[in-house]
Amino acid sequence: MNPDLLRGNLDLILLTLLEPQPLYGFAIIQAARERTEGYFDFKEGSLYPALHRLEAEGLLAAQPGEVGRNGKPRKYYAVTDKGRQVLQAKRQEFSAFTDAVARLGRSGT
């Protein structure tokens with residue numbers, strides 16, 4: 001996986017992963033691996049700062065959940081209404097971008 005592509009699309013990826021249901025950090029990492037057959041393999045050092053940033057921007061809301069192995073409640077992240085609006089816009093932007101890149105490839109033939 002190209003890290004530059006990940007950085008430019010991390011918000012889209014995280015919001016998409018959390019759209020169906022709230023998840024806590026390690027569950028997000030597992031879901032990303034499973035749904036992409038290992039293509040996305042987040043590291044905690046890059047995941048948590050992104051989650052905190054999205055929460056600060058009002059795109060995610062954190063809520064305490066069950067107690068984890070460390071004895072502390074897990075923090076579950078859920079997409080807010082604002083986050084759903086941003087997700088929709090990001091999906092449209094990404095679709096327009098990938099369509100434009102595909103047209104570039106077709107124009108040379």
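Structural data are supplied above this passage.
Asker: Just to check I follow, could you spell out the sheet that holds strand E3 (residues 73-79) for this structure?
Answerer: With antiparallel pairing, three strands are arranged side by side in an open sheet as E1-E3-E2. Two strands lie at the open edges of the sheet, namely strand E1 (23-24) and strand E2 (60-67), each paired on one side alone. Here six bridges tie E2 to E3, and the two strands are oriented antiparallel to one another. Opposite Ala61, over in E3, you have Ala78 as the bridge partner. Its contacts with the sheet place helix H1 (residues 3-18) against E1, E2 and E3, and it is angled at close to 105° to E3.

Asker: Would you mind going over the packing of aromatic side chains with me for this structure?
Answerer: Two aromatic rings are characterised by how far apart their centres lie and by the angle between their planes. Across all of its chains, the model carries three aromatic pairs by this definition. Note on Tyr24 and Tyr76: the rings are 5.3 Å apart at their centroids and 65° apart in plane angle, and the pair reads as edge-to-face. With Tyr24 in strand E1 and Tyr76 in strand E3, this residue pair connects regions lying 52 residues apart in the sequence. Among the residues examined, Tyr76 registers a relative accessible area of 15% and is labelled buried. Judged by centre distance (5.1 Å) and plane angle (70°), the ring pair of Tyr39 and Phe40 falls under edge-to-face. Note on Phe40: relative accessible area 17%, which makes it buried. Site record: aromatic cluster; members linked through ring pairs are Tyr39, Phe40 and Phe42. The lysine or arginine in question, Arg74, covers the ring of Tyr24, its NZ or CZ lying 4.2 Å from the ring centre.

Asker: Sorry if this is basic, but what is going on with unusual backbone geometry here?
Answerer: Generally, phi is negative for residues other than glycine and the peptide bonds are trans, each holding for most cases. With a phi angle near 50°, Glu37 is a residue other than glycine that sits in the positive phi range. You can see Glu37 is positioned in the loop between helix H2 (25-35) and helix H3 (44-56). Among the residues examined, Glu37 registers a relative accessible area of 78% and is labelled exposed.

Parameters at a glance
- Residues numbered from 1 in each chain as written.
- Predicted model: local features only at pLDDT ≥ 70, side-chain atom pairs only at ≥ 80, totals over all residues.
- Heavy atoms only, no water.
- Pairing = 2+ DSSP bridges.
- Helix = DSSP H or I, 4+ residues; strand = E, 2+ residues; numbered from the N terminus.
- Contact = heavy atoms within 4.5 Å.
- Axes fitted to C-alpha atoms, helices over the stretch in contact; angles between N-to-C directions.
- Phe/Tyr/Trp six-rings, centres within 6.5 Å; stacked < 30°, edge-to-face > 60°.
- Buried < 20%, exposed > 50% of the residue type's maximum accessible area, 1.4 Å probe, protein only.
- Lys NZ or Arg CZ within 6 Å of the ring centre and 35° of its normal.

Don't take any of this as a statement about function, it's just geometry.
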